[in-house]
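Next come the chains, spelled out residue by residue.
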Amino acid sequence: MLRLIVSRIVGLVPLLLIVSILTFGMLHLVPGDVRERILGFEATPEQYEALGRQLGLDQPFLVQYGRWLGRALQGDLGTSYFNSQKVTDAVLGALPVTLSLTFGGMLVALAIGVPAGVWAGLNRGGRVDRIAMFMATVGQALPNFWIAMLLLIPFAIWWQLVPATGFTSPAESIGDWLRSILLACIALGTSASAALARQTRGAMIDVLQRDFIRTARAKGLSRTSITYKHALKNAAVPVITTIGFQVNALLSGALIVEQVFGLRGVGSLVIESVRTQNIPMVQGVVILGTLVIVSVNVLVDIAYGWVNPRVRAS
Amino acid sequence: MSRAATGVAAEDTNAQAPLTGFARTWRAFLQHRLAVIAAGYLLVLACVAIFGQALLVHDPLAVDLARTFEAPSAEHWLGTDHLGRSTLGRLVVATSVAMQAACLGVGIAIVLGAPLGLLSGYFGGWWDRIGMRLVEAIVALPALLVPIAILAILGPSLTNAMIALGIANSTAFFRLMRGAALEVREELYVDAARVSGSGNVRIVFRHVLPNVTGPLIVQTTLAFSYVLLAEAGLSFIGLGVQPPESSWGVMLATAQRYVQQQPFLAVPPGLMIMFTVLAFNLLGDGVRDALSRAGGVVRAASNPGRVPGAGATRASAAAGSVATATVGEQPASGPSVPQALLSVTGLEIRFRGARGGELAVVSDVSFDVPAGRTIGLVGESGCGKSVTAMSILGLLGDSGRIAAGSIRLAGQELVGLPESALNGIRGASIGMIFQEPMTSLNPAYTVGNQIAEVLVRHAGLGRAAAAARAVELLDHVGIPGARQRAACYPHEFSGGMAQRAMIAMAIACEPKLLIADEPTTALDVTIQEQVLDLLSGLQEQNGMSILLITHDLGVVADMCDEAVVMYAGNVVEQGRVDDVLLDPRHPYTAGLLASMPQNLPQNRPQSRPRHHDRSGRLTQIPGRVPPAWAWPAGCRFHPRCPYATEVCRQAVPQMVAADDRRIACVRAGEIDPVAGWRA
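Residues numbered from 1 in each chain as written. Chains lettered and ligands numbered in written order. Predicted model: local features only at pLDDT ≥ 70, side-chain atom pairs only at ≥ 80, totals over all residues. Heavy atoms only, no water.

A.B. asks: Could you clarify how one ought to interpret the overall build of chain A in this entry?
C.D. replies: Within chain A, the secondary structure is distributed over 13 helices and zero strands. Counting helices and strands in the order they occur from the N terminus, chain A gives α-α-α-α-α-α-α-α-α-α-α-α-α. Along the longest, intermediate and shortest principal axes, the C-alpha atoms of chain A span 85 × 55 × 35 Å. Counting over 314 residues, chain A shows a buried share of 51%. Within chain A, counting contacts between residues at least 6 apart in sequence, those at least 24 apart form 73% of the total. By element, 63% of the accessible surface of chain A is carried by carbon and sulfur atoms, the whole surface being about 14500 Å². Of the charged side chains in chain A, 25 are positive and 16 negative; the average position of the first set lies 22 Å away from that of the second. (Helix = DSSP H or I, 4+ residues; strand = E, 2+ residues; numbered from the N terminus. Buried < 20%, exposed > 50% of the residue type's maximum accessible area, 1.4 Å probe, protein only. Contact = heavy atoms within 4.5 Å. Areas by Shrake-Rupley, 256 points an atom, 1.4 Å probe, with all protein chains shown as cover. Lys, Arg positive; Asp, Glu negative; His and termini not counted. Charge placed at Lys NZ, Arg CZ, Asp CG, Glu CD.)

Following this line, the structure appears as structure tokens:
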């Protein structure tokens, strides 16, 4: 198991290198002169020259990349073009909001999607199955920020059960934190639960047709034992893979859903940075976002090894 | 699913008239009602996008500050926004923008991803490796950050957003085309095309592209869904379409800003996104379904057993040493027939067919399994042997049922018993082992756990006691290092070891009857012998009866006291094993025997040769067992029988008892069933 984890982490190095090259390369793909955007048009040639040296623009690409990577590895992803804010600080400051939504959304998705999928799979072709799959099909077509708006209108505006805007840190008050992210998590989670329910149903149907289920029935085991012991653990294998994809989708969704609830997370940060073409900030978000996704994928692989002894062994 | 069922029906009707692949797919698609509706909706939407603005009464850009935030009314069907503009008008404009944008985004994704993927897969090498690494890196990024990063470079605008989404989505097309090209490249006919001197371009157009057209269409519909949703999202956060231009996302952003004043503003654009994305998804599902159906991947639902095995007749050659040598060693079953432990009488099993209605797959099957004896159920694949065995345990699944007859175990009627009572018998009084030991064990639990489970369930043992007993059982069936092996997972076992573990599980509660369904078919020849010896040894020790299902007459000769030969759901001959094998009276039995190697070595057990061919000649029964819905009238064996006459085509043979034998053949007695197979 330990070997599995280590080998997965080592395997990430080339991937992260490619991502870092692509991300660093962004700076050089921006049309026009970066210095102009920072200094404005009225700066003197000397100021241009000085800024160029300061940014290292007079060095060859590889040297620039090496320096940038070296600093990045020490946790320094550069400085905002427009104020002296450190990129790492800004992104890490915004991350709790976005991660709260992502993982809260995942919990909601699991709570809805997995039972719905299991139930539908057990009653394949029945009424429960048809209703669940109809809802999943519709759910997959709903933009999550629209669900968020539809939730916001009654719960936050008409009845004011939860605040319409603003984020409370869990360090301040767990209850207020939950209230501040609740609707967003539900909006994100319903969307993701659709895919999860479909996947779980498919996995369940597939597993129930396997030979070992026939063995379990020939052993005289109860329906409960067959479903929850023998089928579910095997059905979990493809479902866990889906969870990896869903975390990625939820993180993306969170960037947008944040806007509905006025939560100032990574979404607000990156939107503002794109509008002003504040490249170091966008780079920081991409790098840290990738780290989050990649760490989740390692966790998914570990969970995968837990349900699938074959993976664990190799 | 009912869809699948109608699909089978469609396939069958289509099969009558040869249709081209496209026509078949098209017909299958038309049966998919939701997908057809979705396609219709999308056509209407396209018309609205193109001509809609000409039909509008209100100018979508006309500001009327006296009439802001109006609810839907006769004049403004969908109300007005914060500038008093008609929501309906803006929605029509937005539809046009969304459709153009989606076409642009998907177009870029295809133009960029598909050719690169095709080249990458077709030529392979370094470019392929670099391409794949890049794709992997892009996929590892948070999905929305790819277009966002690209927009950071290009600056926010609709066109740039579509370029960004196109690039982000091109990875899907890259992978699809690469996979298809790779696959086709490996296939024989492309090799053949190459040998015959076709150029690469020609190969791509003639062989690769036609094969990916279907998946490409499905992927395109998915891409439309993705681009529409992502465009709405990007426009919503202000990185896509820029106001005063209208798009569904921009309209939702407006609704968000004025949600206090007029919540209804959020409804129309959201519904438009939902219906449109839904339509693309349903269209994709429909096309995918139609393609897989037209591709002829149809499983015969009416044949609940295994798929009729190709060449099963010849496979029965497996065995080898029939009769002669071994039969003499069989304990002669005296005139006093022992009391039957299991008694099956007049069994009829029906399955619901794919097109509704029921089909009898087994009828009028009767046999006894005396205590302590081994009875062989023999026949080719698809004769109903396994279904008969499963019915004894009441495990016919949802679509099968016992329509008539009786199954008695030690006097107790099993047919009609409630599920809970049957569960008390399964694994306790009746144990069962299967053909594929590896897949019959649950890969997620240790072998010890799976054996202990039966003991906890039936023998009332605690977990610890059951675990200890499981180790004893593994030891008992000859697994070395049983204590360690009990903690292993099935994938760490060899096939033979896994079958031993299955046997340990089946005999854990000392059943009176062991049903063994092709227990050695999936195993190595040398292992087969060991497993059969283990079964006989266990039988000697605990006196259980064995119902052995096999297509292998050699196994029958080795193991069984009596043989019940089945063909196409009926018993055709039954009797003592030496009688049946040395003096077959039914042409089918004789045919099975004749399709085994001649000049069999006499010295079992040292050698049980497979595909052994000393005589240089092996007879085969022509054809194979037809599926249940195609069983002929009269004697079901007549199309394959060298003795068939007009009588056989009409009269259904009745089971006739003579001496200790029972034979169902109209011409029994008047023919020499062996001679015909020599010709």
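A.B. asks: Help me understand the side chain of R90 of chain B in this model?
C.D. replies: Residues and elements named next belong to chain B. Position of R90 relative to the elements: it lies in helix α4 (residues 87–123). For R90, a relative accessible area of 5% corresponds to the buried category. Ignoring any residue separated from it by four or fewer positions in sequence, one finds R90 in contact with P60, L61, D81, R85, P244, E245, S246 and M251.

A.B. asks: Honestly, the interface of chain B and chain A in this entry has me stumped. Any pointers?
C.D. replies: Taken together, the contact between chain B and chain A spans 72 residues of the former and 63 residues of the latter. Interface area for chain B against chain A, summed over the two sides, is near 5900 Å², with a carbon-plus-sulfur share of 70%. Where chain B meets chain A, there are three salt bridges. Put simply, E453 of chain B and K229 of chain A hold a salt bridge, and the shortest N to O gap is 3.2 Å. (Buried area = accessible area lost by both parts, 1.4 Å probe. Salt bridge = Lys/Arg side-chain N within 4 Å of Asp/Glu carboxyl O.)

A.B. asks: Where do I start with the sheet that holds strand β2 (residues 358–370) of chain B in this structure?
C.D. replies: Strand-to-strand pairing in sheets goes through backbone hydrogen bonds, with the strands running parallel or antiparallel. All names here are of chain B. One open sheet holds the four strands; their spatial order is β2-β1-β4-β5, and the pairing between them is antiparallel. Each edge of the sheet is formed by a strand with only one pairing partner; in this case those strands are β2 and β5 (412–413). Pairing of strand β4 (residues 400–409) with β5 involves two bridges; the strand directions are antiparallel. Across the sheet, residue R408 finds its bridge partner in β5, namely E413. Sheet strands in contact with helix α14 (residues 385–392) are β1 (340–352), β2 and β4, and its direction is about 115° off that of β1. (Pairing = 2+ DSSP bridges. Axes fitted to C-alpha atoms, helices over the stretch in contact; angles between N-to-C directions.)

A.B. asks: What should I look at first to understand the state of the cysteines in this one?
C.D. replies: According to the stated counting rule, one finds zero disulfides over all chains in the structure shown. The closest cysteine sulfur to the non-disulfide-bonded C635 of chain B is located on C648 of chain B, 6.1 Å from its own sulfur. (Disulfide = S-S within 2.5 Å.)

A.B. asks: Help me understand the packing of helix α10 (residues 223–260) of chain A against helix α11 (residues 266–275) of chain A in this model?
C.D. replies: All names here are of chain A. Two elements in contact, α10 and α11, have axes separated by 7 Å at closest approach and are oriented at 95°. One way to sum up the angle between α10 and α11 is to call them roughly perpendicular. In this structure, α10 uses L255, E258 and Q259 to contact α11, whose residues at the interface are V266, G267, S268 and I271. For the contact of α10 with α11, a count of residues per class yields three nonpolar, three polar and one charged. (Parallel < 35°, antiparallel > 145°, perpendicular 65-115°, else oblique. Nonpolar A, V, L, I, M, F, W, Y, C, P; charged D, E, K, R; others polar.)

A.B. asks: What am I meant to see in the packing of aromatic side chains here?
C.D. replies: Any two aromatic rings considered together are summarised by their centre-to-centre distance and by the angle between their planes. Residues and elements named next belong to chain A. All told, the structure shown has 12 aromatic pairs over all chains when counted by the stated rule. A centroid spacing of 5.5 Å and a plane angle of 85° characterise the contact between F155 and W159, whose relative ring orientation is edge-to-face. With relative accessibility at 30%, the residue F155 sits in the partly exposed group. Members of the aromatic cluster, connected to one another through ring pairs, are F24, F61, Y65 and W68. Against the face of W306 rests K233, its NZ or CZ located 5.4 Å from the ring centre. (Phe/Tyr/Trp six-rings, centres within 6.5 Å; stacked < 30°, edge-to-face > 60°. Lys NZ or Arg CZ within 6 Å of the ring centre and 35° of its normal.)

A.B. asks: Hey, could you run me through the sheet that holds strand β7 (residues 513–517) of chain B in this one?
C.D. replies: Residues and elements named next belong to chain B. Taken in spatial order, the eight strands make up an open sheet running β6-β7-β8-β3-β9-β10-β12-β11, and their pairing is mixed. Here the strands that pair on one side only, and so sit at the sheet edges, are β6 (430–433) and β11 (656–658). This sheet shows a mean twist of 20° between the axes of neighbouring strands, independent of strand direction. Relative to β7, β6 runs parallel, the two being bridged by four bridges.

A.B. asks: Looking at this structure, how should I read the pattern of salt bridges?
C.D. replies: Residues and elements named next belong to chain B. Counting across every chain of the model gives 28 salt bridges over all chains. D579 is the partner of R576 in a salt bridge, and the nearest nitrogen-oxygen pair spans 3.4 Å. Its relative accessible area of 24% is what places R576 among the partly exposed residues. Linking E670 and R667 is a salt bridge whose minimum nitrogen-to-oxygen distance equals 3.0 Å. Shared partners join several salt bridges into a network, and the residues in it are E573, D583, R585 and R661.

A.B. asks: Just to check I follow, could you spell out helix α6 (residues 145–154) of chain B for this structure?
C.D. replies: In an α-helix, one full turn covers 3.6 residues, which means residues spaced three or four apart are oriented alike. Counting buried positions along α6 of chain B yields nine of 10 residues, so the element is predominantly enclosed. Positive phi shows up at G155 of chain B, right after α6 of chain B, with a value of about 90°.

A.B. asks: Whenever I open this one, the nonpolar core confuses me. Can you help?
C.D. replies: One recurring pattern in soluble globular proteins is that nonpolar side chains are buried together. Counting 163 residues, the largest nonpolar core has F261 of chain A together with I148, L234, F236 and W248 of chain B as its most contacted members. Counting 106 residues, the second-largest nonpolar core is a separate cluster that includes A506, I515, L548 and A628 of chain B. (Core = buried A, V, L, I, M, F, W, Y, C linked by side-chain atoms within 4.5 Å.)

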